[in-house]
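# Observations on chain architecture
Residue-level listing of the chains:
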Amino acid sequence: MPMPSRRPATLDARRRLAAALVAFPALWAAGAVQAQAAGRLRPTPAQTEGPFYPVQIPRDHDNDLLRNGDLRAAGGRPGWVEGTLRDVDGRPLAGAAVEIWQCDEAGHYHHPGDGGRADPGFQGFGRTLADAEGRWRFRTMAPVPYSGRTPHIHLKVRSGERELLTTQLYMAGAPGNARDFLWRNLSEADRAAVTLAFEPAGNDEWRASFPVVVART
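What this report covers is the structure whose coordinates are included nearby. (Residues numbered from 1 in each chain as written. Predicted model: local features only at pLDDT ≥ 70, side-chain atom pairs only at ≥ 80, totals over all residues. Heavy atoms only, no water.)

The subject of this paragraph is the overall build of the protein chain. Helix and strand content of the protein chain: four helices and eleven strands. With 217 residues in all, the protein chain has 46% of them scored as buried. Summarising the internal contacts of the protein chain: among those between residues at least 6 apart in sequence, 74% fall at separations of at least 24. For the protein chain, the accessible area works out to roughly 10,800 Å², and carbon and sulfur atoms hold 53% of it. (Helix = DSSP H or I, 4+ residues; strand = E, 2+ residues; numbered from the N terminus. Buried < 20%, exposed > 50% of the residue type's maximum accessible area, 1.4 Å probe, protein only. Contact = heavy atoms within 4.5 Å. Areas by Shrake-Rupley, 256 points an atom, 1.4 Å probe, with all protein chains shown as cover.)

Here it is, written out as C-alpha cells:
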C-alpha cells in the first residue's frame, strides 16, 4: 500500500522529539489505567517513532529482513521476533499490518538522515499481516547499540491507513537499557511489557516473543 514520503531527519528534529517525550508517557498511562480498571488487557506502551522511519517504503519490505532483493545481510546474529496482536478485550486483530525497522550490525539505518551507510543486503524495514489468530513474525538480526541508544527494534501497527500503535521493543539484560532515555522514561510495568528475552534457538540463533495489545482499533 502506498505510503507518504517523509523529510530527512535532522539533529534539531531529534532533539524536539526527545523534548516532546516529557508528557508522552503520562498520556498513554491514563488509557492503560482505564483499560485495567475495566478488567481488560493492559495496552502495550506507545513510544516515539524516532527519526529513521523510511522516507519511502522499500520495494522489498517482506518479513525477511536478512535479504534485500537478491542481496543478503553481511553480518549480524540472525533470529526471529514474533508475537500476537490483540485488542484490550483479547480479540485477535486479523489482517492488521505489523511493521518493524531497525539499524544494521554497524548501527546504521536505511535513511538519508543517517548518511545512507546501511548494509545494502540488510532490508532494515519489513511489513507483515497478522493471521486469523493475530500471529505475526519477522526474520531479522539481533538489535545492536549505537550512540545514545540501547539495542531496540521499532514496531508500528496499522489498520488500513490508520496507525494503531507505534512503540519500541528492547533486549532484556542489555547493559545500555538503564542509560537509554526512552527505556528509562517508562514505568516498571511498561518496561516489562516491551523488554524481551532473546532466547537461544539453536545454530547461534535467537527467538523473541512480543505479545502486542493495542488500545484502539
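In this section: the pattern of salt bridges. With the rule as written, the count across this model stands at 16 salt bridges. In this structure, the salt-bridge partner of Arg-158 is Glu-99, at a minimum N-O distance of 3.1 Å. Note that Arg-158 is positioned in strand S7 (residues 152-159) and Glu-99 in strand S4 (residues 97-101), a separation of 59 residues in sequence. An identical accessibility class is assigned to Arg-158 and Glu-99; each is buried. (Salt bridge = Lys/Arg side-chain N within 4 Å of Asp/Glu carboxyl O.)

This next bit is on the sheet that holds S4. Strand order in the open sheet formed by five strands is S5-S4-S7-S8-S9, and the pairing between neighbours is mixed. Looking at which strands have only one partner, the edges of the open sheet turn out to be strand S5 (125-129) and strand S9 (195-196). Relative to S5, S4 is paired through five bridges, and the arrangement is antiparallel. Residue pairing in the sheet places Glu-99 in a bridge with Arg-127 of S5. (Pairing = 2+ DSSP bridges.)

The next point concerns the packing of aromatic side chains. Any pair of aromatic rings gets described here by the distance separating the centres and the angle formed by the planes. Inspection of every chain in the model, using the stated rule, returns six aromatic pairs. Measuring from centroid to centroid gives 4.6 Å for Phe-52 and Tyr-109, while their planes differ by 20°, and the two rings are stacked. With Phe-52 in the loop between helix H2 (24-37) and strand S1 (67-68) and Tyr-109 in the loop between S4 and S5, this pair connects stretches of sequence that are 57 residues apart. Under the relative-accessibility criterion, Tyr-109 is labelled buried at 2%. (Phe/Tyr/Trp six-rings, centres within 6.5 Å; stacked < 30°, edge-to-face > 60°.)

Looking now at the nonpolar core. Formed by 35 residues in total, the largest nonpolar core has its most connected members in Leu-85, Trp-136, Val-157, Phe-210, Val-212 and Val-214. Looking at this core, the elements with two or more residues in it are strand S3 (78-87), S4, strand S6 (135-141), S7, strand S8 (162-171), helix H3 (181-184) and strand S11 (206-214). Every residue in contact with Leu-85, bar those within four places of it in the chain, is listed here: Arg-91, Pro-92, Leu-93, Ala-96, Val-98, Ala-130, Gly-134, Trp-136, Val-157, Val-212 and Val-214. Counting residues in hydrophobic clusters, the runner-up holds eight residues, among them Phe-52, Tyr-109, Val-144 and Tyr-146. (Core = buried A, V, L, I, M, F, W, Y, C linked by side-chain atoms within 4.5 Å.)

Looking now at the sheet that holds strand S10 (residues 199-200). Taken together, the four strands give an open sheet; going across it, the order is S6-S3-S11-S10, and neighbouring strands pair in mixed fashion. Pairing within the sheet leaves two strands with one partner each, and these edge strands are S6 and S10.

Time to look at the side chain of Asp-104. By secondary structure assignment, the location of Asp-104 is in the loop between S4 and S5. Buried Asp-104, no salt bridge; nearest opposite-charge side chain is Arg-117, N-O distance 8.5 Å. A distance of 2.9 Å separates a polar atom in the side chain of Asp-104 from the backbone nitrogen of Ala-106. The residues touching Asp-104, leaving out its near neighbours within four places in the chain, are Arg-117, Ala-118, Asp-119, Phe-122, Met-141 and Val-144. (Lys, Arg positive; Asp, Glu negative; His and termini not counted. Polar contact = N/O pair within 3.5 Å; in protein donor to acceptor, adjacent residues only side chain to side chain.)

Here the focus is the environment of Tyr-170. Secondary-structure assignment places Tyr-170 in strand S8. Classification of Tyr-170 as buried rests on a relative accessible area of 0%.

This part is about the pairing of S4. Most of S4 sits out of view: five of its five residues are buried. Because side chains alternate across S4, one face comprises the buried residues Ala-97, Glu-99 and Trp-101, and the other comprises Val-98 and Ile-100, equally buried. Across five bridges, the pairing between S4 and S7 is antiparallel. Bridge assignment links Val-98 to a residue of S7, and that residue is Val-157.

Moving on to unusual backbone geometry. Despite not being glycine, Asn-203 shows a phi value in the positive range, around 55°. Relative to the helices and strands, Asn-203 is located in the loop between S10 and S11.

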